[in-house]
Amino acid sequence: MKAINKREHQSVIYALKQMESFLDEGTAGAVQNAKALSKLYQRYHSLLSDLSVCINEYEALHHHLRVKVLGPALRKAKRTG
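As a starting point, this report considers the structure included with it. Fair warning: this is a prediction, and the values are worked out from it, not measured in the lab. (Residues numbered from 1 in each chain as written. Predicted model: local features only at pLDDT ≥ 70, side-chain atom pairs only at ≥ 80, totals over all residues. Heavy atoms only, no water.)

Topic: the layout of surface pockets
Rules: Definitions used throughout: a 1 Å grid over protein atoms alone; a cavity as a set of points that fits a 1.4 Å probe which cannot get out; a pocket as an open set with protein on both sides within 12 Å along at least five of seven lines; a lining residue as one with an atom within 4 Å of a point. Grid points are joined across faces, edges and corners, and a volume is the space filled by probe spheres set on the points. Secondary structure counts use DSSP, requiring at least four H or I residues in a row for a helix and at least two E residues in a row for a strand, with both numbered from the N terminus. Under this grouping Gly is polar, as are all residues other than the nonpolar Ala, Val, Leu, Ile, Met, Phe, Trp, Tyr, Cys and Pro and the charged Asp, Glu, Lys and Arg.
There is about 200 Å³ of room inside the largest pocket. Among the secondary structure elements, those contributing two or more residues to the lining of the largest pocket are α1 (6-22) and α2 (27-80). Among the elements that take part in the lining of the largest pocket, α2 stands out by supplying four residues, more than any other. Broken down by class, the residue content of the lining of the largest pocket amounts to six nonpolar, two polar and two charged.

A few points about the environment of phenylalanine 22
Put simply, the test is: Exposure categories follow from relative accessible area, calculated using a 1.4 Å probe and restricted to protein chains: below 20% of the type maximum is buried, above 50% is exposed, and the middle band is partly exposed.
Along the chain, phenylalanine 22 falls in helix α1. Residue phenylalanine 22 is classed as exposed on the basis of its relative accessible area, which comes to 66%. Along the primary structure phenylalanine 22 and leucine 48 are separated by 26 residues, whereas in three dimensions their C-alpha atoms are 35 Å apart.

Section: a nonpolar patch on the surface
Test applied: Like-charged residues are merged into a patch within 9 Å and nonpolar side chains (Val, Leu, Ile, Met, Phe, Trp, Tyr) within 5 Å, provided each residue has over 30% relative accessible area and no salt bridge. Here the accessible surface of atoms and residues is derived via Shrake-Rupley with a 1.4 Å probe, and residues count as covered only by protein chains that are part of the display. Any Lys or Arg side-chain nitrogen located within 4 Å of an Asp or Glu carboxyl oxygen qualifies as a salt bridge.
Together, Leu61, Leu65, Val69, Leu70 and Leu74 make up a nonpolar patch on the protein surface, roughly 450 Å² of accessible area in all. Looking at the element boundaries, leucine 61 is found in helix α2.

Section: the environment of lysine 17
Along the polypeptide, lysine 17 turns up in helix α1. Spatially, the C-alpha atoms of lysine 17 and serine 38 are 12 Å apart, while their sequence positions differ by 21 residues.

Topic: the packing of aromatic side chains
Put simply, the test is: Each Phe, Tyr or Trp ring (for Trp, its six-membered ring) is paired with any other whose centre lies within 6.5 Å, and the angle between the two planes then decides the class: stacked below 30 degrees, edge-to-face above 60, tilted in between.
Under the counting rule described, the total for this entry stands at one aromatic pair. With a centroid separation of 6.2 Å and an interplanar angle of 25 degrees, the aromatic rings of tyrosine 41 and tyrosine 44 are classed as stacked. Taken as a pair, tyrosine 41 and tyrosine 44 lie in helix α2 at a separation of three residues, close to a single helical turn. Owing to a relative accessible area of 11%, tyrosine 41 belongs among the buried residues under this scheme.

In structure tokens form, the structure reads like this:
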């Protein structure tokens, strides 16, 4: 899976709009496709934002566990063992 390139997305939308302006017939499909593509792109960014929040929460908990829980337990085990 690869990230969606904003420039690539915009170029496809632009091409669809150009096609719409050149052709009078059959452009309803192009317009619908452009709208669907834009909607999916917005959803992608929303999910990316949610993922960013999840990653930050994971990293914070991971850091807490390593520093506050495992670190002291390992130091204590070294002293006693």
